[in-house]
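# Structural overview for review
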Amino acid sequence: MLREAILQALDGGRTAHQLVARIQRRWWTHGYARALAEGHLASPVGVAVALVRPSTDCPDPMCEDGVTLHLDHGCPKCEQRRTDRRRGHASGPREKRPAPQWWECKGQGCTAAGKGPRPADGLCWQCQERAEAAAAQTAAQRVSATLAAEAETAEDATRLRQTIRWARMLDEAYTDHAERGRTAQELAEAQRQAEADAEQVRILRQQLLREHPELAAYTQGQT
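Below you will find a few notes about this structure. All figures in this text were calculated on a predicted structure; none of them were measured in a lab. The numbering scheme is per chain: residues are counted from 1 as the chain's sequence reads. Where totals are concerned, whole chains, interfaces and linings use all residues; where local detail is concerned, this predicted model gives features only for residues with pLDDT of at least 70, and gives and counts side-chain atom pairs only at 80 or more. The side-chain numbers reported here are obtained from all heavy atoms of the structure, hydrogens and water having been left aside.

The number of helices and strands found in the chain is 7 helices and 5 strands. Residue exposure (1.4 Å probe, protein chains only): buried if accessible area is under 20% of the type maximum, exposed if over 50%, otherwise partly exposed. A buried classification covers 15% of the 223 residues belonging to the chain. Nonlocal contacts in the chain, meaning residues at least 24 apart in sequence, comprise 30% of its contacts between residues at least 6 apart. Of the accessible surface of the chain, which amounts to about 18000 Å², a share of 56% is contributed by carbon and sulfur atoms. Here a helix means four or more residues in a row that DSSP labels H or I, a strand means two or more in a row labelled E, and each is numbered from the N terminus. Contacts between residues were defined by any pair of non-hydrogen atoms, one from each residue, lying within 4.5 Å. To be clear on the numbers: accessible area is Shrake-Rupley with a 1.4 Å probe, and residue cover counts the displayed protein chains and nothing else.

Next up on the list: helix 4 (residues 44-52). Regarding helix 4, the residues found buried are V47, A48, V49, A50, L51 and V52. Tucked inside the fold, the buried residues of helix 4 contact helix 1 (2-11), helix 2 (16-29) and helix 3 (32-37).

Moving on: the packing of helix 1 against helix 2. One way to put it is that helix 1 packs onto helix 2 with a least axis distance of 10 Å and a crossing angle of 120°. As the angle between them shows, helix 1 and helix 2 are arranged oblique. Relative to helix 2, the crossing made by helix 1 is right-handed. From helix 1, I6, A9 and L10 reach across to helix 2, where they touch A16, L19 and R22. The classification used treats Ala, Val, Leu, Ile, Met, Phe, Trp, Tyr, Cys and Pro as nonpolar, Asp, Glu, Lys and Arg as charged, and all other residues, Gly among them, as polar. Of the residues that constitute the contact of helix 1 with helix 2, the class distribution is 5 nonpolar, no polar and 1 charged. To obtain an axis, a line is fitted to C-alpha atoms, over the contacting stretch when the element is a helix, and the angle between two such axes runs from 0 to 180 degrees between their N-to-C directions. Angles below 35 degrees are treated as roughly parallel, those above 145 as roughly antiparallel, those between 65 and 115 as roughly perpendicular, and all remaining angles as oblique. Handedness of a crossing is defined here by the sense of rotation of the near helix relative to the far one, left-handed for an anticlockwise turn of less than a right angle and right-handed for a clockwise turn.

Moving on: the side chain of T68. For T68, the position within the fold is in strand 2 (residues 67-68). Aside from chain neighbours lying at most four places away, what touches T68 is M62, H73, G74, C75 and P76.

One number sums up the size of the largest pocket: a volume of about 160 Å³. Taken together, 10 residues make up the lining of the largest pocket; nearest its centre are R26, H30, R53, S55 and D65. Across the lining of the largest pocket, the residue classes tally to 3 nonpolar, 3 polar and 4 charged. Each cavity reported here is a set of points on a 1 Å grid over the protein atoms alone in which a 1.4 Å probe fits but cannot get out, each pocket an open set with protein on both sides within 12 Å along at least five of seven lines, and each lining residue one with an atom within 4 Å of a point. Grid points are joined across faces, edges and corners, and a volume is the space filled by probe spheres set on the points.

Strands were regarded as paired on the criterion that DSSP finds at least two bridges between them. In spatial order, the strands read 1-2-3; together these 3 strands make up an open sheet with antiparallel pairing. The open sheet has two free edges, formed respectively by strand 1 (63-64) and strand 3 (73-74), since each of these has just one partner strand.

With that settled, the discussion passes to the pattern of salt bridges. Salt bridges, as used here, are contacts in which a Lys or Arg side-chain nitrogen is within 4 Å of a carboxyl oxygen on Asp or Glu. Inspection of every chain in the model, using the stated rule, returns 6 salt bridges. Two residues, E64 and R25, come together in a salt bridge whose shortest N-O distance is 2.9 Å. Placement of the pair is E64 in strand 1 and R25 in helix 2, with a sequence separation of 39 residues. Assessed through its relative accessible area of 30%, R25 is described here as partly exposed. Between E189 and R192 there is a salt bridge, with the nearest N and O atoms lying 2.4 Å from each other. Of the two residues, E189 and R192 are both situated in helix 6 (residues 125-211); the distance of 3 residues between them amounts to about one turn of the helix. What makes E189 partly exposed here is its relative accessible area of 42%. Via salt bridges that share partners, R14, R22, R25 and E64 belong to a single interconnected network.

On to the packing of helix 1 against helix 4. Remark: helix 1 packs on helix 4, axes separated minimally by 9 Å, with the N-to-C direction vectors making an angle of 5°. For the element pair helix 1 / helix 4, the angle class is roughly parallel. Each of L2, A5, I6 and A9 in helix 1 lies in contact with helix 4, whose residues at this interface are A48, V49 and V52. Tallied by class, the residues present in the contact of helix 1 with helix 4 amount to 7 nonpolar, no polar and no charged.

Take the side chain of R14 next. Assignment of secondary structure puts R14 in the loop between helix 1 and helix 2. Given a relative accessible area of 7%, R14 falls into the buried group. Sequence-distant contacts of R14, that is, excluding residues within four places in its chain, are made with A9, R22, P61, M62, C63, E64 and L69.

Take helix 2 next. With 14 residues, helix 2 should cover 20 Å at 1.5 Å per step; its first-to-last C-alpha distance of 20 Å lies within 8% of that length. Tucked inside the fold, the buried residues of helix 2 contact helix 1, helix 3, helix 4 and strand 1. One or two positions beyond helix 2, positive phi appears at G31, with a value near 85°. Helix span, expected: 1.5 Å multiplied by one less than the number of residues in the helix.

Shape descriptors only; they carry no functional weight alone.
In structure tokens form, the structure reads like this:
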């Protein structure tokens, strides 16, 4: 197989020197040297045949891997085939996608622009980061305000309980004082009533003695 490939290459109008140059060029440009270094060179005979066989994709016999030998420049037929292939791929069935559009950031005072799908909020990444930071700061401030309000409410509740306790203590003190005042007043009233009763008894006794002097001997021992 390898011998036939070499004879075919020489029959195609190539000299031995040109065939050696073909082998050296393909060894490097077709990646065989790298495959050998990485241990991926599967079939040495197949690689040797690929190195020496003529180019089969160009009808020009003087084309050597896309270069016209006697002119030493790119083969026009190979260039035309490449152009046709590109056109064929371009004109083939393929879903057409809309070209990416430019959009401007909606952030206040921001002049940044982007290309492609517009973000849902219409903000560039810098404005999005600033908005997220502001939202986080606002949330932190709300939490702090809530905690402060709860602390203030707790302090108000404590002060209210203290006020109620003091009011109860004062009410109890006033009640006790009033009861003590009433007790003293009642004692004084009872004392006055006793003195008045004693005075009334004395007056009645004197009146009785005036009316019945004979009873004086009985009353002397009682006065």
